[in-house]
Amino acid sequence: MRAMVLTIPGQPLQLQERPIPIPGPHQLLLKVLACGVCRTDLHLVDGELPQAVLPRVPGHEIVGEVTAVGSEVAPDWIGRRVGVPWLGWTCGECAFCTSGRENLCDHAQFTGCHLDGGYAEYTVADQRFCFPIPEVLSDLQAAPLLCAGLIGFRALQMAKGARHLGLYGFGAAAHLAIQVARGRGQRVSAFTRPEDSEGQAYARSLGAEWAGPSDQPPPHLLDASLIFAPVGALVPLALAVTAKGGCVICAGIHMSDIPAFPYRLLWGERSVRSVANLTREDGTAFFEELQHTPVHCDVTRFALEDANQALACLRAGQFKGAIVLTP
C-alpha cells in the first residue's frame, strides 16, 4: 500500500510503499475511503506534539471500509463503513476511564500520533473505538466530523445554555459548530483575522448574526466563547467581551502561550477551560444530534500523494470548510 509518512518533524511527509497491516485481536483492517486533514496534523508535522511517536502515518479523521477483522471481532463487521477518531485506545482501568473521563486517560493512544492513521490506502483501528457512519453521509462529508465535528461538539456541550456564543477562528471546526449551535437556537458571533473579510462573509452565510475582527467587540456580551485558533492572545480578548458568569473554552490540543491579563477580565465568576480529546459517548451523542440537526461540510479534496500541498493550504487558510484526502 501507499502511505504518507512523517519521519522528521519540520520535514515534508514522504510517500512510501508499506505492507498492508495485519489487524490485531480487537482491530479492524480498513480500506481508507477518505481522511480529513486537521490542524492537529500541522502541529504533529511541526514537532509541537512531543508525545508523538515517529515515524508515523498522520490522519485521525478516517472513513474506511472494513476488509478484515482480528480474532476477537465478529466477522459481520466485514463490509461495514466506519469512522476512526483521534481517540484510538484507552486502558479502561484508571481513575479517569472508570469515571467516564476516558479522554483524560494517562495511557491513551491517539490515532495519527501514537498509532498510524489515515494518510494511507489501508490502516488498522481498534473496533471498540470506531463509529458506524450513517448512510446519509458521504465519505467526504463524514471525514471532518470525526475530529473537527466531534471536538467542536464537545466544546459546544460545555457551552450549553449560552444564549450568545462566540467562535474564534472560523475553520473546519467552527463551520460545523455554528450549524449545530444555530440548530440549538444559539445566537453566534464569529471572529476572524482582521483582514479576513471573506471569512467573515462566510460565517454570516452560515448563520452568524455578527462577524468581524477578533480585536473588535461584538454587539452583545457573550455568554461563552469557543476558541479554535491556536492563538493564546485570543483568550484575554475573549474574556474582555464575556458576560459575568461566562466561560471561554479553548478547543485545540496546542496553543501559543496565553499572555498576562488583568484580573478584572476574569473576575465576576468568568472561567477559562480547555477541551481535551473526546470520549466515545461524545461520538454517540454527536451522531444522534445530527439526525435532528443535519450539518453540511464544505470540503476541498486532495489526492493522497498531495498531502503536503493540502497541509500547506491548511496552514495558509486558503480554503473554506475542511480539507479531505482520498487515496
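Rules used throughout
- Numbering of residues begins from 1 in every chain and follows the order in which that chain's sequence is written.
- The model is predicted, so local features are restricted to residues of pLDDT at least 70 and side-chain atom pairs to those at 80 or more, both for listing and for counting; the totals for chains, interfaces and linings are taken over all residues.
- With hydrogens and water set aside, each side-chain value is computed from the structure's full complement of heavy atoms.
- UniProt positions are given in the numbering used here, feature names are shortened, and annotations may be inferred rather than shown by experiment.
- Secondary structure is summarised from DSSP: a helix means a run of H or I of at least four residues, a strand means a run of E of at least two, and numbering begins at the N terminus for each.
- With the radius of gyration taken over C-alpha atoms, the globule rule is written as 2.2 Å times the number of residues to the power 0.38.
- Categorising residues by exposure relies on relative accessible area from a 1.4 Å probe, with only protein chains included: less than 20% of the type maximum marks a residue as buried, more than 50% marks it as exposed, and the intermediate range marks it as partly exposed.
- Only the stretch in contact is used when fitting a helix axis, every axis being a line fitted to C-alpha atoms; angles between N-to-C directions are given from 0 to 180 degrees.
- When an angle is under 35 degrees it counts as roughly parallel; over 145 it counts as roughly antiparallel; between 65 and 115 it counts as roughly perpendicular; any other value is oblique.
- Note on convention: the crossing is left-handed when the near helix lies turned anticlockwise from the far helix by less than a right angle, right-handed when the turn is clockwise.
- Two residues qualify as a contact provided that any one of their heavy atoms is within 4.5 Å of a heavy atom in the partner residue.
- Three residue categories are used. Nonpolar comprises Ala, Val, Leu, Ile, Met, Phe, Trp, Tyr, Cys and Pro, charged comprises Asp, Glu, Lys and Arg, and polar comprises the others, including Gly.
- A helix's residues, less one, multiplied by 1.5 Å, set its expected span.
- Any N or O atom pair separated by 3.5 Å or less is treated as a polar contact, with the protein-specific requirement of one donor-capable and one acceptor-capable atom, and with residues adjacent in sequence counted only for side-chain atom pairs.
- As used in this record, nonpolar core signifies buried Ala, Val, Leu, Ile, Met, Phe, Trp, Tyr and Cys residues forming a set joined through side-chain atoms within 4.5 Å.
- A cavity, in this analysis, means grid points on a 1 Å lattice covering only the protein atoms where a 1.4 Å probe fits yet has no way out; a pocket is instead an open set bounded by protein on both sides within 12 Å along at least five of seven lines, and a residue lines either one if it has an atom within 4 Å of a point.
- Grid points are joined across faces, edges and corners, and a volume is the space filled by probe spheres set on the points.
- Pairing between strands is defined by DSSP: at least two bridges between the two strands are required.
- Handedness of a crossover is defined as follows: with both strands directed away from the viewer, a clockwise route from the first strand across the helix to the second makes it right-handed.

Per an unreviewed UniProt entry, the protein chain goes by the name alcohol dehydrogenase and belongs to Pseudomonas mandelii. Turning to the protein chain, the UniProt record has this under Cofactor (unreviewed entry): "Zn(2+)".

Just give me the short version of the overall build of the protein chain, but keep the residues and values in it.
Tallying secondary structure elements over the protein chain gives eight helices and 17 strands in all. Rg of the C-alpha trace for the protein chain: 19 Å, near the compact-globule value of 20 Å for 327 residues, within the 12% margin. Structurally, the protein chain occupies a C-alpha span of about 55 × 40 × 35 Å along its principal axes. Buried residues in the protein chain amount to 53% of all 327 residues.

A description of the packing of helix H3 (residues 148-158) against helix H4 (residues 172-183) should follow, citing residues and the corresponding values.
Helix packing geometry: the angle between the two helix axes and the distance between the axes. In the contact formed by H3 and H4, the axes pass within 8 Å of each other and the chain directions differ by 50°. Between H3 and H4, the crossing angle belongs to the class labelled oblique. At the point where H3 passes H4, the crossing takes the right-handed sense. Each of Ala 148, Gly 149 and Leu 156 in H3 lies in contact with H4, whose residues at this interface are Ala 172, Ala 173, Leu 176, Ala 177, Val 180 and Ala 181. Residue classes in the contact of H3 with H4 are distributed as eight nonpolar, one polar and no charged.

A description of H4 should follow, citing residues and the corresponding values.
Across its twelve residues, H4 extends 18 Å between first and last C-alpha, which sits within 8% of the 16 Å expected from 1.5 Å per residue. In the segment just after H4, Gly 185 is the residue with positive phi, at about 85°.

So, the UniProt feature "domain: Enoyl reductase (ER)" (unreviewed entry) in the protein chain: which residues are in play, and what are the values?
The residues that UniProt annotates with the feature "domain: Enoyl reductase (ER)" (unreviewed entry) are residues 10-325. Across residues 10-325 one finds 22% helix and 26% strand; the C-alpha atoms that close the span lie 20 Å apart.

For the side chain of Arg 56, give the residues involved together with the corresponding values.
Residue placement: Arg 56 occurs in the loop between helix H1 (39-45) and strand E4 (62-69). Reaching out from Arg 56, the side chain makes a polar contact with the backbone oxygen of Cys 113 at a distance of 3.2 Å. In this view, Arg 56 contacts Met 4, Val 5, Leu 6, Gly 112, Cys 113, His 114, Leu 115 and Asp 116; residues no more than four positions away in its chain are not counted.

How would you sum up the nonpolar core? Please name residues and give values.
Counting residues in each nonpolar core, the largest one holds 96 residues, and the members touching the most others are Tyr 119, Leu 165, Leu 167 and Leu 226. Excluding residues that lie within four positions of it along the chain, Leu 167 makes contacts with Ala 174, Ile 178, Val 188, Ser 189, Ala 190, Phe 191, Leu 226 and Phe 228. Core analysis: the second largest hydrophobic core is formed by 14 residues, Phe 191, Ala 238, Leu 239 and Val 248 among them.

Provide a residue-level description of empty space enclosed by the protein, including the pertinent values.
All told, the structure shown has one cavity of 30 Å³ or more when counted by the stated rule. Considering only enclosed or pocket space, the largest cavity measures out at about 40 Å³ in volume. Around the largest cavity, the lining residues are Ala 148, Gly 149, Gly 152, Phe 153, Leu 156, Ala 173, Leu 176, Ala 177, Val 180 and Phe 286. Elements represented by at least two residues in the lining of the largest cavity include exactly H3 and H4. The element contributing the most residues to the lining of the largest cavity is H3, with five residues. Of the residues in the lining of the largest cavity, the class split is eight nonpolar, two polar and no charged.

Tell me about the layout of surface pockets, residues and numbers included.
A water-sized probe rolled over the atoms picks out the places where empty space is left. Space inside the largest pocket adds up to approximately 1,100 Å³. Considering the residues around the largest pocket, the lining is formed by 46 residues, among which Arg 39, Gly 169, Gly 171, Ala 172 and Phe 228 are closest to the centre. Those elements that place two or more of their residues in the lining of the largest pocket are H1, H3, H4, strand E11 (187-192), helix H5 (197-205) and helix H8 (307-316). Among the residues forming the lining of the largest pocket, the class breakdown is 25 nonpolar, 14 polar and seven charged. The volume enclosed by the second largest pocket comes to roughly 410 Å³. Every residue lining the second largest pocket is counted, 30 residues in all, and those nearest its centre are Gln 27, Leu 115, Asp 116, Val 124 and Ala 125.

Which residues make up the pairing of strand E14 (residues 242-250), and what values do they have?
With seven of its nine residues buried, E14 lies for the most part within the structure. By the bridge criterion, five bridges tie strand E13 (residues 222-227) to E14 in an arrangement that is parallel. Bridge pairing in E14 links Ile 227 to Cys 250. The parallel pair E13 and E14, bridged by helix H6 (residues 234-240), forms a crossover whose chirality is right-handed.

So what about unusual backbone geometry? Which residues, and what values?
Along the chain, Leu 54 connects to Pro 55 via a cis peptide bond; the corresponding omega equals 0°. Mapped onto the secondary structure, Pro 55 falls in the loop between H1 and E4. A positive phi angle is found at Glu 269, which is not glycine, with a value near 60°. Mapped onto the elements of the fold, Glu 269 is located in the loop between E14 and strand E15 (271-274). Within the chain, Asn 277 stands out as a residue other than glycine whose phi angle is a positive 65°. Mapped onto the elements of the fold, Asn 277 is located in the loop between E15 and helix H7 (280-290).

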